[in-house]
Amino acid sequence: MYIYYYGHSCFLIEVNGKKLLFDPFIAGNPLAKDIDIQSIKPDYIFLSHGHGDHIGDAVAIGLSSKAPVIGAFEVVSWLENHGLNGFHMNTGGKRKFEFGTVKMVNAVHSSQLPDGSYGANPAGFVVYGSDYCFYFAGDTALTLDMKLIPLTCPPLSFAILPIGDNFTMGYEDAIIAAEFIQCDKIIGCHFDSFPVIAINHEKAIQAFATKNKKLVLPAVNQLVQL
Ligand code: NI
Ligand code: MN
């Protein structure tokens with residue numbers, strides 16, 4: 001398994017030989033503008049919700065790679081109207097794929113597609129196989145629903161949580177989220193892309209460390225070292 005960070009909330013995670021791309025927003029991200037999106041060849045594209053800073057490059061990458069999308073019913077239907085294909089799911093459901101099982105879990109946020117279409121309820125994903133399990137939270141507030149994850153899914157090896165505040169939880173709430181999901185290895189996302197979500201890295205890492213948790217703040221266009 002490897003984890004590659006394309007900035008904001010976009011990660012490419014390779015499991016069982018399949019490349020899973022989460023929330024591709026690259027061309028519009030000032031921190032990721034040097035990345036050539038045509039070089040990204042995922043096998044599947046996951047979309048947590050319809051906001052432009054998550055779905056931004058999904059159509060372009062989906063058309064060039066032919067990768068199917070996985071997400072909420074209405075988000076996948078909208079992408080089908082733009083020439084992609086995919087797997088319609090909804091919150092609370094799980095489904096088996098060739099690389100493992102995907103469970104869609106609740107996120108507390110909002111959602112609208114770039115043209116104003118209904119963007120379904122926002123979601124997170126728990127993805128697991130025989131030897132791995134991780135949680136990609138999408139955009140979310142801290143919510144008690146996160147306590148359901150350890151009750152319904154295998155133990156997490158790591159989790160990707162938004163920590164930039166303003167639009168999502170900040171790092172203080174993300175520490176509580178890490179406790180709710182019973183996970184000590186957290187990769188932060190949704191920070192620094194815009195001034196309003198800029199964070200103090202040292203402070204955030206230190207705050208996690210005082211709770212005996214590891215916060216990794218990945219660098220854009222780099223492999224993530226857990
Ligand atoms: Ni959002
Ligand atoms: Mn967002």
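For the structure, see preceding data.
In this text, all values refer to a predicted model and were calculated from it rather than measured experimentally.

Draft legend 1. Seen up close, helix α6 (residues 201-209). Taken residue by residue, α6 has Ala 204, Ala 207 and Phe 208 as its buried positions. Buried positions in α6, seen along its axis, are confined to an arc of 100° and lie on one side of it. Buried residues along α6 sit against α5 (171-180), β12 (185-189) and β13 (214-216). By the N-cap criterion, in which a side-chain oxygen at the helix start approaches the backbone nitrogen of a residue two or three places on, α6 is capped by Asn 200, the distance to Glu 202 being 3.2 Å.

Draft legend 2. A look at the coordination of the nickel ion (ligand 1). For the nickel ion (ligand 1), the protein coordination sphere consists of His 49 (NE2), His 51 (ND1), His 109 (NE2) and Asp 139 (OD), at 2.2 to 2.3 Å. Each of the 4 donor atoms around the nickel ion (ligand 1) contributes to a set of angles spanning 88 to 175°, which defines the coordination as irregular. Each donor residue of the nickel ion (ligand 1) belongs to the same chain, with the gaps between them written as H-x1-H-x57-H-x29-D. Between the two metal centres, the nickel ion (ligand 1) and the manganese ion (ligand 2), the spacing is 3.1 Å, with Asp 139 acting as a shared donor. Taken together, the residues span a long stretch of sequence, with His 51 in the loop between β4 (44-46) and α1 (52-55) and His 109 in the loop between β8 (100-106) and β9 (123-129) at a distance of 58 residues.

Draft legend 3. Just the packing of α5 against α6, in detail. Across the interface, α5 lies against α6 with an axial gap of 10 Å and an inter-helix angle of 30°. With respect to α6, the axis of α5 lies roughly parallel. Where α5 crosses over α6, the handedness of that crossing is right-handed. Residues Tyr 171, Ala 174, Ile 175 and Ala 178 of α5 pack against Lys 203, Ala 204, Ala 207 and Phe 208 of α6. Among the residues making up the contact of α5 with α6, the classes are represented as 7 nonpolar, no polar and 1 charged.

Draft legend 4. Focus on the sheet that holds β4. As summarised here, the arrangement of the 7 strands in space is β6-β5-β4-β3-β2-β1-β14, forming an open sheet in which the pairing is mixed. Bordering the open sheet on either side are β6 (86-89) and β14 (222-223), each of which pairs with just one other strand. Where β4 and strand β5 (residues 69-72) come together, 2 bridges link them in parallel fashion. Paired with Phe 46 across the two strands is Ile 70, which belongs to β5.

Draft legend 5. Seen up close, the pairing of strand β2 (residues 11-15). Of all 5 residues that make up β2, 5 are buried, and the element is covered over most of its length. Both strand β1 (residues 2-5) and β2 contribute to a ladder of 4 bridges, which runs antiparallel. The residue bridging Ile 3 from the neighbouring strand is Ile 13, located in β2. What sits between the antiparallel neighbours β1 and β2 is a turn of 5 residues, in which Gly 7 has the positive phi angle 95°. Pairing of β2 with strand β3 (residues 18-22) involves 5 bridges; the strand directions are antiparallel. For Phe 11, the partnering residue across the bridge sits in β3 and is Phe 22. From the end of β2 to the start of β3, which pair antiparallel, there are 2 residues, and Asn 16 there has a positive phi angle of about 50°.

Definitions and limits used
Residues numbered from 1 in each chain as written. Chains lettered and ligands numbered in written order. Predicted model: local features only at pLDDT ≥ 70, side-chain atom pairs only at ≥ 80, totals over all residues. Heavy atoms only, no water. Buried < 20%, exposed > 50% of the residue type's maximum accessible area, 1.4 Å probe, protein only. Helix = DSSP H or I, 4+ residues; strand = E, 2+ residues; numbered from the N terminus. Arc of directions from axis to C-beta. Contact = heavy atoms within 4.5 Å. Polar contact = N/O pair within 3.5 Å; in protein donor to acceptor, adjacent residues only side chain to side chain. Donors = N, O, S within 2.8 Å, 3.2 Å for Na, K, Ca; no water. Tetrahedral: all angles 85-135°; square planar, octahedral: opposite > 155°, others 65-115°. Axes fitted to C-alpha atoms, helices over the stretch in contact; angles between N-to-C directions. Parallel < 35°, antiparallel > 145°, perpendicular 65-115°, else oblique. Left-handed = near helix turned anticlockwise from the far one by under 90°. Nonpolar A, V, L, I, M, F, W, Y, C, P; charged D, E, K, R; others polar. Pairing = 2+ DSSP bridges.

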